[in-house]
Amino acid sequence: MDAKQDESAAKLQSVRSLKALMMTNSPQSNTNLYDHLTLLLMKVMDEHPHDAVDVIEDISQDVKLTFSEEKQNFLRDFPSTTAAELLAEKQRLLFSRPEEDEQEEQLMETLYPNVREVGFYLEQAGVGLGREEMQRIFLALKQLVESQALLGCRLWGKILGTESSYIVAEAQYIEGEEEEEKNAEEVAEKEEEREAQAKENEMYPLPQSTYKPPPAVPKEALGTGANKFVYYVCKEPGHSWVKLPSVSPAQITVARLIYKFFTGRLDHQIVSYPPFPGNEANYLRAQIARISAGTQVSPKGFFRIREEEGDEEDEVVQDSSEVNPDFEGIPVFEMASLSTWVHHIQYILQQGRCTWVNLAGKTGEDSNEEGEAEEKEEPDEPEPEVGPRLLDPLSKDSEMFNVPSWSSMVSSTLTFQHAVAVQRSNRWPGAYAYACGKKFENIYVGWGLKYAGEGYSPPVPPLPQKEYASDRKEIAEALDPSLEEEQELKEALDEQRAVQEEMEDIDDEDDED
């Protein structure tokens, strides 16, 4: 009797445990198995489905959807704003017209570049950016002229990048405009660090280096040479325009030795060998100066040399040009020849400037400041570097890797009176120039890199500099003497010491007498 009671008590305990387990709520749906089975059996008794065992899974799913506390939301999430929508919102402002008098608007129209006309002729030549983008760029240039109060502006081109591209606008330099030097604080900090190091060296003197770096080539003044024009860039029409800094000869010199793609970020640091002195904004400005000097061309006779008297009486400076009012245009079939096109932008010399500067006088001034009194032979004056003359024809351009510098074509060979003559640069892929009657224009659309032949080979680093000069005897390592040589030296020193003692004794005896 007791065994049966114990067995029934155990069964009752197991049933209670199972029921407690079934009544445990799920953390996801906040329901339990006991209630779900109860509702499921009630639904079966109410509906009396045919072959309930075959549809029990569907009935269970319906019970979950019907009696679940958290109903399922079938509405889609509100999509986040895309980058295209943000760009369209910015470009929408370009099409809004401010409330101004119509007369003032007509006066200001003379300053705006006719980008639509340029796009039409470029389309005839088979190049360009498309009508829609050219229209947006025209509105962006209009916004630039109004915001910066520029005297003149034109579309220079578009430089592609790995992350984003640059739309480049060329503007006339305004006299009296001063460039903001962002590195002034950094220069002051470096000078303070040098002064602190100099004080430490006074307490603990360190060996000083005798190396003297060559004098730095001075930067050309704004409005002259490679800094004749001012350039603004933006990533897309509607974005804010950013003014590029002026270019220095050191930046142009290093830019000729490296081959780097643009990223689309002006503050990106250029990692290269040789090290580039600046960030991507400076590298972009250097490449724009190089491309302009090599690909900005015009029909022969459109410009003429502006003659300016130099220091000497008979010297005439030919470093600038002006529009020739007597130019009547050249027929299109003649414009297909390279001899009818000329360069109207100054050539950049190997020194990194458009005008050569003599650095020999600076080295002499430095030596005088240091107070060197020794008379040295004066070095010979270096010969001034001379590049191609202004308004030289394209036929004088040399080949690169057995490839001509330019390729000529005509938009139509059937109707020359309505055709457009086009010149394409092979030295700078992406540079084009067209001419039609008295109108011409230059544009660049490319990666901002020069043609490098079949493959580009970076320069090899130079050999490491010698720590000491090989001809200095005081630092030359001597051989250790042998035992016999040490004995001979010791005996010689003993003899000298004995002779000195005898001489001292003789002197003492003479003093006593």
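In this text, all values refer to a predicted model and were calculated from it rather than measured experimentally.

## Overview of the overall build of the chain
Regarding its fold elements, the chain presents 13 helices and 14 strands. Residues counted as buried form 29% of the 513 residues belonging to the chain. Taking as baseline every contact in the chain between residues at least 6 positions apart, the subset at least 24 positions apart corresponds to 62%.

## Structural notes on a negative patch on the surface
A surface patch of negative charge is lined by Glu477, Asp480, Glu484, Glu485, Glu486, Glu488, Glu491 and Glu495. Considering the arrangement of structural elements, one finds Glu486 in helix α13 (residues 483-512).

## As for the pattern of salt bridges
Under the criterion given, the structure shown has 12 salt bridges. Between Glu133 and Lys158 there is a salt bridge, with its nearest N and O atoms 2.9 Å apart. Residue Glu133 is located in helix α7 (residues 131-148), and its partner Lys158 is located in strand β1 (residues 153-159); the two are separated by 25 residues in the primary sequence. Of the two residues, Glu133 and Lys158, both sit in the buried class. We note a salt bridge from Glu441 to Arg154, for which the minimum N-O separation is 2.8 Å. Note that Glu441 is positioned in strand β14 (residues 439-446) and Arg154 in strand β1, a separation of 287 residues in sequence. Taken together, the shared-partner salt bridges connect Arg154, Glu170 and Glu441 into one network.

## Digging into a nonpolar patch on the surface
On the surface, Leu41, Met42 and Met45 cluster together into a nonpolar patch covering about 320 Å² of accessible area. By the element assignment, Leu41 lies in helix α2 (residues 33-47). Take Leu41: its relative accessible area is 54%, and that puts it in the exposed class.

## Digging into helix α6 (residues 115-125)
Those residues of α6 that sit buried are Val115, Val118, Gly119, Tyr121, Leu122 and Ala125. Looking down the long axis of α6, one finds its buried residues gathered within 165° of arc, a one-sided arrangement. Contacts from the buried residues of α6 go to α7, β1, β11 (406-410), β12 (421-425), β13 (431-436) and β14. Gly126, located one to two residues past α6, shows a positive phi value of around 85°.

## Digging into the side chain of Thr340
Relative to the elements of secondary structure, Thr340 occurs in the loop between α11 (332-335) and β10 (341-343). Exposure remark for Thr340: the relative accessible area of 13% places this residue in the buried category. Of note is the side chain of Thr340, whose polar atom sits 2.7 Å from the backbone oxygen of Ser337. Leave out the neighbours within four places in its chain, and Thr340 touches Ser298, Pro299, Lys300, Ile330, Glu334 and Met335.

## Structural notes on the sheet that holds strand β4 (residues 242-243)
One open sheet holds the 8 strands; their spatial order is β4-β3-β2-β1-β14-β13-β12-β11, and the pairing between them is mixed. Each having just a single partner strand, β4 and β11 make up the two edges of the open sheet. Taken together, the 2 bridges between strand β3 (residues 229-234) and β4 define a ladder with antiparallel strand orientation. Across the sheet, Tyr232 pairs through a bridge with Lys243, a residue of β4. Running at roughly 130° to β1, α7 makes contact with β1, β2 (166-172) and β3 of the sheet.

## Quick word on the packing of α6 against α7
For the pair α6 and α7, the least separation of the axes is 9 Å and the interaxial angle reads 150°. In terms of axis orientation, α6 runs roughly antiparallel to α7. For the pair α6 and α7, the crossing hand works out as right-handed. Touching Val115, Arg116, Gly119 and Glu123 of α6 are Arg131, Met134, Gln135, Phe138 and Leu141, all from α7.

## Description of the environment of Pro245
Here Pro245 lies in the loop between β4 and α9 (249-255). Judged by relative accessible area, which is 27%, Pro245 ranks as partly exposed. Taking the C-alpha atoms as reference points, Pro245 and Tyr232, separated by 13 residues in sequence, lie 9.4 Å from one another.

## Brief notes about the packing of aromatic side chains
The description of an aromatic ring pair rests on the distance of the ring centres and on the angle between the ring planes. Applying the stated criterion across every chain, the model contains 12 aromatic pairs. Here the aromatic rings of Phe120 and Tyr121 are separated by 5.4 Å at their centres, their planes lie at 70°, and the arrangement is edge-to-face. By relative accessible area, Phe120 is classed as partly exposed at 43%. Taking 5.0 Å as the distance between ring centres and 70° as the angle between the ring planes, the aromatic pair formed by Phe302 and Phe303 counts as edge-to-face. By the burial criterion, Phe302 is buried, and Phe303 matches it. Members of the aromatic cluster, connected to one another through ring pairs, are Tyr166, Phe262, Phe276 and Tyr283.

## Considerations on the side chain of Asn227
Locating Asn227 in the fold gives a position in the loop between α8 (184-203) and β3. According to the relative accessible area criterion, Asn227 is buried, its value standing at 2%. If we skip the residues at most four places from it in the chain, Asn227 touches Lys219, Glu220, Ala221, Leu222, Ser246, Val247 and Arg285.

Rules behind the numbers
Residues numbered from 1 in each chain as written. Predicted model: local features only at pLDDT ≥ 70, side-chain atom pairs only at ≥ 80, totals over all residues. Heavy atoms only, no water. Helix = DSSP H or I, 4+ residues; strand = E, 2+ residues; numbered from the N terminus. Buried < 20%, exposed > 50% of the residue type's maximum accessible area, 1.4 Å probe, protein only. Contact = heavy atoms within 4.5 Å. Patch = residues over 30% accessible without salt bridge, like charges linked within 9 Å, V, L, I, M, F, W, Y side chains within 5 Å. Areas by Shrake-Rupley, 256 points an atom, 1.4 Å probe, with all protein chains shown as cover. Salt bridge = Lys/Arg side-chain N within 4 Å of Asp/Glu carboxyl O. Lys, Arg positive; Asp, Glu negative; His and termini not counted. Charge placed at Lys NZ, Arg CZ, Asp CG, Glu CD. Arc of directions from axis to C-beta. Polar contact = N/O pair within 3.5 Å; in protein donor to acceptor, adjacent residues only side chain to side chain. Pairing = 2+ DSSP bridges. Axes fitted to C-alpha atoms, helices over the stretch in contact; angles between N-to-C directions. Parallel < 35°, antiparallel > 145°, perpendicular 65-115°, else oblique. Left-handed = near helix turned anticlockwise from the far one by under 90°. Phe/Tyr/Trp six-rings, centres within 6.5 Å; stacked < 30°, edge-to-face > 60°.

By themselves, these are just geometric observations and shouldn't be taken as functional.
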